[in-house]
Amino acid sequence: MPKAYQHPTFAFTPPPELTGAAGKRRPVLVVGAGPVGLTLALDLARHGVPVIVLDDDATTSHGSRLICMSKRTLEIFDRLGAGAPFRAKGVVWNTGRLFFREAEVYAFDLLPEPGHGWPAFMNLQQYYLEDFLIQAAAALPNLEIRWNNAVTDVALTATGATLGIETPAGAYRLTADYVVACDGARSTVRRALDLPFVGRMFEDRFLITDIAMDADFPSERWFWFEPPFHDGQSALLHKQPDGVWRIDLQLDGDADPEAAVRPEAVRPRIERMLGKDAVFEIEWISLYTFRCRRLEQFRHGRIFFAGDSAHQVSPFGARGGNGGVQDADNLAWKLAAVLGGAAPEALLDSYDAERIPAADENILNSTRSTDFMTPKSAAIRAFRDAALALARDHGFARRMVNSGRLSVPAVLDGSPLNTPDRDAFAGGLPPGHAAVDAPVLAADGQDDWLLRSLGQDFVLLLYDARSDIGPLQGVRQVSVIPAGGAPAPGCIVDRDGLLQARYAMTPGAGYLFRPDQHVAARALWPDAAWAAAARDRALGKDAIG
Amino acid sequence: MNGLLTEDRIKDPDALYQALVDAHDGLSAAESLQLNARLILLLANHIGDAGIVAAAAASARASVLDDRARGGDSTA
């Protein structure tokens, strides 16, 4: 049996506020050291904002939970300096197979395109994700994680928020300019503010199990509709590192949830799937109720909600965790810009303007997947089965089969921070898109990636320009030398011409990227006035619309 | 209005109707339910316009709900 992950126990340190030190006001408190809270804290700290993360536990995630990390998530972790262990440990997969009853209906390929630093998806248990981000956090002196610090109450004022915190050494209070609730679906902060969710709850549940076994199944995503081994419900098999396999089994709406999660009830279900002789150990069992809902707003004055505390989706699209990481990515640079005086507080309103449409897109996709997997009547089931049956022979029906629409980066195309195109590009990435990677040569001639060159600053990327456009406050200018050119100081070389192709670059053209690497503006002939106006707009100084 | 053509468009309605009837020949109720679902999906793909399909679905639904409002039974 492969070696299992050992959960660390992080030391509880009595906070200074309990040992006589005056509780000083903090710029940002993050509630919850899960994937979203850790991403946000790392991003804030790397932008120079001191941050304290409060977590009511003292270890990493119990169970694998979020296992499917999207390219965008991996790119964000890489930007935060935490990429290397993910690359070393994650399981890359490209193929998904769909089965209907006994037979395979079709297989899809994520069609990995060459010339990207990260794969489309990587599977990794959430405890590893958290472990890797915690290790990266340990290297940052302005990032403090306080374990066994449970938030118990919240007081919101016009200029900040105060949290009541319970610890093994006693209770204390902390006041901050901003609080970000990354404390999950059962968010204490959300309940303290009594904020309702809007959306749908489904009766359907999935039994989620991790098993450890030596198996030679390929690194593929297998999804069954009505398999013979599981009483006509859906099932999923997905590989994780360490010989751990995720098995999701849909349960009847009327199944007794408490009985269903007992190991003696789970084991025979898995034996029916893998065969009587399969040797495996059950590592973790959980029950997931389908829900597709969100808060009406993610910003409430000085308190923000990110990840599952703000919105929840059904699994199978990898849209929950990856959506939450994008929330953190969206919020961190804005808080840093406002706290550092580079942007007005109005910039923070764009968090709702950008992330609510993104959450709605995830909820829409997740709701449709759930409806496909859980037909509510005989006629609706007939459509589902018809699509699956026709999928054997017809491409159009394959595209209807919905076992989850996989997470893609949100396109912030309605954002007030975007500067609309004034020039006609022949393709490329319009404002709002997340940057797309491309292989480049760094100034020293070494292989590098575009996204790594962009980093976490505002960057004006100028293609085949004779010169930069003069000094521009708060914006780093990077010149791109077309493929075949020689590396030069302050420049990158478009090694394979893919940067030119992916951005529809023409000589002199430029893109302005935000610190979260979304396109803020682009122009065929950028000049200083245009770039300054686009930067100001992206900083919320021009909040029209 | 919504793009759905509802005026008389079929040259030989009897032949078309017979094609639908013949398709169900000898099928069980469950098989016929499947046939109808597959038929709708094939026709929907032929139309290729979600707006038209939605308009047709809405029209059919309104007709069923109209029966309900009259106290009738669509399945009678």
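Please read these numbers as outputs of a predicted model, since none were measured by experiment.

Q: Help me understand the overall build of chain B, please; the structure alone is not making it clear to me.
A: From N to C terminus, chain B includes three helices and zero strands. In chain B, the succession of α and β elements from N to C terminus is α-α-α. Here chain B has a C-alpha radius of gyration of 14 Å; the compact-globule value for 76 residues is 11 Å, and the former is much larger. Seen through its C-alpha atoms, chain B measures out along the principal axes to roughly 40 × 35 × 25 Å. Taking all 76 residues of chain B together, the buried fraction comes to 9%. Counting every atom, chain B has about 6100 Å² of accessible surface; 57% of that belongs to carbon and sulfur. When the 6 basic and 11 acidic side-chain charges of chain B are each reduced to a single mean position, those positions are 8 Å apart.

Q: What is the right way to look at the interface of chain A and chain B in this model?
A: Interface extent is often summarised as the accessible area lost during association of the parts. Residue-level contacts link 11 residues of chain A with eight residues of chain B. Summed over both partners, the interface of chain A with chain B comes to about 870 Å²; 83% of that surface belongs to carbon and sulfur atoms. Three residues stand out in chain A for area buried against chain B, namely Phe383, Leu390 and Phe396 of chain A, and they jointly supply 50% of the buried area on that side. Counting every contact that joins chain A to chain B gives zero salt bridges. For the side of chain A that touches chain B, the secondary structure elements donating two or more residues are α10 (378-391) and α11 (395-400) of chain A. A total of eight residues in the side of chain A that touches chain B trace back to one element, the largest contributor, which is α10 of chain A. Its residues placed into classes, the side of chain A that touches chain B shows nine nonpolar, one polar and one charged.

Q: In this structure, what is going on with helix α8 (residues 320-339) of chain A? I would like to understand it.
A: In an α-helix, one turn spans 3.6 residues, which is why side chains three or four residues apart end up on the same side. All names here are of chain A. With 20 residues, α8 ought to run about 28 Å at 1.5 Å a step, and its terminal C-alpha atoms sit 28 Å apart, in line with that. Among the 20 residues that make up α8, 18 are buried, leaving the element largely enclosed by the rest of the structure. Following α8 by one or two positions, Gly341 has its phi on the positive side, about 80 degrees.

Q: Is there a simple way to explain the domain arrangement of chain A in this structure?
A: Residue and element names in this part refer to chain A. Its domain assignment divides chain A into domain 1 (16-91 + 120-198 + 295-358), domain 2 (200-290) and domain 3 (439-538). A C-alpha centroid distance of 30 Å is found between domain 1 and domain 3. Between domain 1 and domain 3, the contact holds 13 residues from the first and 11 residues from the second. Of the roughly 1000 Å² buried between domain 1 and domain 3 on both sides combined, carbon and sulfur atoms contribute 42%. When the buried area of domain 1 at its contact with domain 3 is split by residue, Arg72, Arg79 and Trp333 rank highest and sum to 50% of it. For the pair domain 1 and domain 3, the interface holds two salt bridges.

The rules behind these values
- Residues numbered from 1 in each chain as written.
- Chains lettered and ligands numbered in written order.
- Predicted model: local features only at pLDDT ≥ 70, side-chain atom pairs only at ≥ 80, totals over all residues.
- Heavy atoms only, no water.
- Helix = DSSP H or I, 4+ residues; strand = E, 2+ residues; numbered from the N terminus.
- Rg over C-alpha atoms; globule rule 2.2 N^0.38 Å.
- Buried < 20%, exposed > 50% of the residue type's maximum accessible area, 1.4 Å probe, protein only.
- Areas by Shrake-Rupley, 256 points an atom, 1.4 Å probe, with all protein chains shown as cover.
- Lys, Arg positive; Asp, Glu negative; His and termini not counted.
- Charge placed at Lys NZ, Arg CZ, Asp CG, Glu CD.
- Contact = heavy atoms within 4.5 Å.
- Buried area = accessible area lost by both parts, 1.4 Å probe.
- Salt bridge = Lys/Arg side-chain N within 4 Å of Asp/Glu carboxyl O.
- Nonpolar A, V, L, I, M, F, W, Y, C, P; charged D, E, K, R; others polar.
- Expected span 1.5 Å × (residues − 1).
- Domains from an automatic or database assignment.

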